Amino acid sequence: MKKLLLIDTFNFLHRAYHALPKTLTDKDGEPTNAVYGVTSMLISTFNQIEPDYVLIANDDIEPTFRVEEFTAYKAHRKPMEDDLSSQIPKVYEIIDAFGVARVSLPGYEADDVIGTMVEKYKGEDLEIVIVSNDRDLWQLVGDNVVVMNPKARGEIEWVGEKEVIARFGFGPDKIIEYKALKGDASDNIPGVYGVGDKTATRLILDFGGVEEIYKNIDKVEPESLRKKLEENYEVALMSKKLATIITDAPMELDLNDCKYLTYNLVNVKEVLERYNFRSLIKRLGFEVEGGGKSKKTEVPENQMSLL
């Protein structure tokens, strides 16, 4: 079975930036720790998965439809630091050197790009691997669709339908119902005030989705919970919409546009040399001129938590 690899770039961009030392810099003294981390992740992932198709999904700079409908969506998050935002063009340069497709859609998040590709190709004779540690993407898990989360020291967490059920007590299709009820502080999704993890899970197991709960609102016990749900009907529906990954985003892209043979080692090496990433050049199988290690690109073992 052929493999389609879908990578959530900004997820790893943030992880690399916060995990690796800011002492990693280029010849001009500009930070490159996130660039290093994403590059290392790409090398490791490509070598491990050996995909037939690859798509890099990026968040767009324009506000999403979710912000337009609920201005508080992710509003509590701090603006991206300059030392991180300045590395985004360099990360794109690395991605382009690998020769893989990358997509961002105005008004949509990377999750929506990934969700649209999953919906379009999940019925094909194809294994789809989503690379991210964002649990929002677990709602896309299903037959031949898994989430790969690289962890410490080369370990990998694989998330399929069984893992989702083991974690939540219900399947991937009910994750948006869970977030609609409980909310999600990380994305500032409100949910139903006063409904926590256990209550949300019980409601889903008893009734199903949000709409089914409200159709059977007279059966909800105790009365105090029924009242909370009644008072937060519109909030629950809005929260579900915010939590739902779009699977029909307007993308003019097909599988052939994502075809991947292998990355051009020489092209990647040329870019890595500009940033003096000696250790990564060695991982590609090349000799490093001058020998030894560069202090600026040396990453302590205890900080390689995602690489």
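Residues numbered from 1 in each chain as written. Predicted model: local features only at pLDDT ≥ 70, side-chain atom pairs only at ≥ 80, totals over all residues. Heavy atoms only, no water.

To continue, consider the packing of helix 2 (residues 33–49) against helix 5 (residues 88–98). Put simply, helix 2 and helix 5 touch, their axes get as near as 9 Å, and they point 25° apart. Considering their axes alone, helix 2 and helix 5 lie roughly parallel with respect to each other. With respect to the hand of their crossing, helix 2 and helix 5 are arranged in right-handed fashion. Touching Val35, Val38, Thr39, Leu42, Ile43 and Phe46 of helix 2 are Lys90, Val91, Ile94, Ile95 and Phe98, all from helix 5. Along the lines of polarity and charge, the residues of the contact of helix 2 with helix 5 split into nine nonpolar, one polar and one charged. (Axes fitted to C-alpha atoms, helices over the stretch in contact; angles between N-to-C directions. Helix = DSSP H or I, 4+ residues; strand = E, 2+ residues; numbered from the N terminus. Parallel < 35°, antiparallel > 145°, perpendicular 65-115°, else oblique. Left-handed = near helix turned anticlockwise from the far one by under 90°. Contact = heavy atoms within 4.5 Å. Nonpolar A, V, L, I, M, F, W, Y, C, P; charged D, E, K, R; others polar.)

Now for the pattern of salt bridges. This model, assessed by the stated rule, comprises 14 salt bridges. Salt-bridge contacts for aspartate 26 lead to lysine 90; the nearest nitrogen and oxygen are separated by 3.3 Å. Here lysine 90 lies in helix 5 and aspartate 26 lies in the loop between helix 1 (9–19) and helix 2, a separation of 64 residues in the sequence. Taken as a pair, aspartate 26 and lysine 90 share a single burial class, namely buried. Among the charged side chains, a salt-bridge network with shared partners connects Asp136, Lys179, Asp184 and Asp187. (Salt bridge = Lys/Arg side-chain N within 4 Å of Asp/Glu carboxyl O. Buried < 20%, exposed > 50% of the residue type's maximum accessible area, 1.4 Å probe, protein only.)

With respect to the helices and strands, the residue methionine 117 is situated in helix 6 (residues 110–121). According to the relative accessible area criterion, methionine 117 is buried, its value standing at 1%. In this structure the C-alpha to C-alpha distance between methionine 117 and leucine 255, which are 138 residues apart in sequence, comes to 8.9 Å. Contact partners of methionine 117, with chain neighbours within four places excluded, come to Leu4, Leu6, Leu55, Met251, Leu253 and Cys258.

What follows deals with the packing of aromatic side chains. Counted according to the given criterion, the structure contains nine aromatic pairs. Both rings, one in phenylalanine 46 and one in phenylalanine 98, keep their centres 5.5 Å apart while their planes meet at 65°; by these two values the pair is edge-to-face. Remark: phenylalanine 98 occurs in helix 5 and phenylalanine 46 occurs in helix 2; sequence separation between them is 52 residues. Assigned by exposure class, phenylalanine 46 and phenylalanine 98 land together as buried. With 5.3 Å between their ring centres and 65° between their planes, phenylalanine 168 and tyrosine 178 make a pair best called edge-to-face. With phenylalanine 168 in helix 7 (residues 161–168) and tyrosine 178 in helix 8 (residues 175–182), the pair connects residues that are ten residues apart, well separated along the chain. The ring of tyrosine 92 is capped by arginine 102, whose NZ or CZ atom sits 4.3 Å from the centre of that ring. (Phe/Tyr/Trp six-rings, centres within 6.5 Å; stacked < 30°, edge-to-face > 60°. Lys NZ or Arg CZ within 6 Å of the ring centre and 35° of its normal.)

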